[in-house]
Amino acid sequence: MSSLLKGIHHITHCPGPAQADVDFLTQVLGQRLVKQTVLMDGRIPIYHFYYGNGDAEAGSIETSFPYSRRPGRPGTGQVSVVSYSVPRGTAPFWREHFDRHGAEHNGIEERFATPFVRVRHPAGMYFEVVEADDHRRPWATKEVGADVAARGFFAAVMSVRSVDEQERFLVDALGFRKVGVDGPYHRFEIPGGGPGSVIDLHHEPARPPGSWTFGAGTFHHIAFTVENDDALVTQKAFYEELGYTDASELKDRFYFHSMYVRSPGGILVECTANAPGGFYLDETPEELGTKLNLPPWYEAQRADIVAMLEPVIVPDVNRPRYVTVATRPAAVPPATTASGIPLSRTKAEFATSRN
Ligand SMILES: [Fe+2]
């Protein structure tokens, strides 16, 4: 089958404290803080941070819910590693860069004959930099220059106890094709997909299943780009035709619209269509990531939300250059797609304390 998917859109993890996550993603992985907003489900305000490449492109967006309230349990049935592509020959730079930050890593390894360095986030999740040809525009920092910086996602690794059912899901429901096996790793690609179109299934038959809830130290889900809202509806119907009948309704995430399904290996899989304007709905390209943005239907609760969030220091490279950026209220978009498909929104009705 041909795939409705264009590649990975974003991947979401749950760290512990917010500032440690900001510091690791921006300083150690050299990513741009693209957006500060909040989780749009539940009664407790939790940050939602987005990090990306120089152009804040889909396919480079790692997002996080800093969730110190509850530990997660890493295991099978989860994304286990997020891979960024970096220029060829730069693995030694990254090994030394991780050393300078005291970040735990395994040195330079190879998978599918390609060098990579895997590094541990302070909350326990793993990221890696993989040498690959990729011409997207990186975000450069003082320590990680444009000649070595990550271009965006290369792949995601999913840990599974059994390969077969997850392989059928990737191939039959998402349109991936299998391209190789290297030891316990089974590689899949979206035919004709853009950068970030690779999934490696890591076969770990003896590893216990990980948690599915929001919990510190785990990846929560992975999202793939589809063209538009109609493609979300088509993909949902396709899941149902194949028997994956627990596909969610279409949810309004303000910057994009989302539909979720639990894949047979346990990993939560989202399909995502960008809303018109995307990340620039409430910030200019220069302002991205400099302040807390709320979806317009949360604005009335801003004071309560802010009071319950831990303060974070925005990295120097994301600070506005001239003056403090004023909050620019965004317009409330209709709760339907352009073609009239209803979107679900969670109201901002928060508990009054974090306990
Ligand atoms: Fe998501």
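Here we summarise the structure given alongside this text. Numbers given for residues are sequential positions, taken from 1 along each chain in its written order. For a predicted model such as this one, the threshold for reporting local features is a pLDDT of at least 70, and the threshold for listing and counting side-chain atom pairs is 80 or more; totals across whole chains, interfaces and linings nevertheless cover every residue. With hydrogens and water excluded, all non-hydrogen atoms of the structure serve as input to the side-chain values.

1. Considering the coordination of the iron ion
Around a metal, the perfect tetrahedron of four donors has angles of 109.5 degrees, and the perfect octahedron of six donors has angles of 90 or 180 degrees. Protein-derived ligands of the iron ion are His10 (NE2), His221 (NE2) and Glu270 (OE), with the metal-ligand distances lying across 2.0 to 2.1 Å. For Na, K and Ca the donor cutoff is 3.2 Å, while for all other metals N, O and S atoms count as donors only within 2.8 Å; water does not appear among the atoms, so some sites may look incomplete. Counting along the primary sequence, the residues that act as donors to the iron ion give the motif H-x210-H-x48-E. Pair noted here: His221 is in strand β13 (residues 218-225) and Glu270 is in strand β16 (residues 268-274), with a separation of 49 residues, a long-range link. Accessibility classification places His221 together with Glu270 in one group, the buried group. The helix count covers DSSP runs of H or I at least four residues long, the strand count covers runs of E at least two residues long, and both are numbered beginning at the N terminus. Classification of residues uses two cut-offs on accessible area relative to the type maximum, computed with a 1.4 Å probe and protein chains only: under 20% is buried, over 50% is exposed, and between them is partly exposed.

2. Here's the deal with unusual backbone geometry
Unlike most non-glycine residues, Phe112 shows phi in positive territory, near 50°. Its place among the elements puts Phe112 in the loop between β6 (105-111) and β7 (114-120). In this structure, Phe254 takes a positive phi of about 70° despite not being glycine. Following the sequence through the fold, Phe254 ends up in the loop between β14 (251-252) and β15 (256-262).

3. A word on the packing of aromatic side chains
Here a pair means two rings of Phe, Tyr or Trp (six-membered ring of Trp) with centres within 6.5 Å. Their orientation is stacked below 30 degrees between planes, edge-to-face above 60, and tilted elsewhere. Counting across every chain of the model gives 19 aromatic pairs. Plain terms: the ring middles of Phe65 and Phe214 are 5.1 Å apart, the flat faces sit at 75° to each other, and that makes the pair edge-to-face. Placement of the pair is Phe65 in the loop between β4 (61-64) and β5 (78-86) and Phe214 in the loop between β12 (198-203) and β13, with a sequence separation of 149 residues. Phe214 gets classed as buried once you look at its relative accessible area, which sits at 18%. Relative to Tyr255, the ring of Phe254 lies with its centre 5.1 Å away and its plane at 65°, an arrangement referred to as edge-to-face. Given the relative accessible area of 3%, Phe254 is considered buried. The buried category is assigned to Tyr255, whose relative accessible area is 1%. By the ring-pair criterion, three or more aromatic residues cluster together here, those being Tyr50, Phe254, Tyr255, Phe256, Phe279 and Trp297. For Arg111, the ring lying beneath its charged end belongs to Phe116, and the centroid distance is 4.8 Å. Think of it as a cone above the ring: NZ of Lys or CZ of Arg counts as a charge over the ring if it is within 6 Å of the ring centre and within 35 degrees of the ring normal. One Lys or Arg, Arg262, reaches over the ring of Trp212 and ends 3.9 Å from the middle of that ring.

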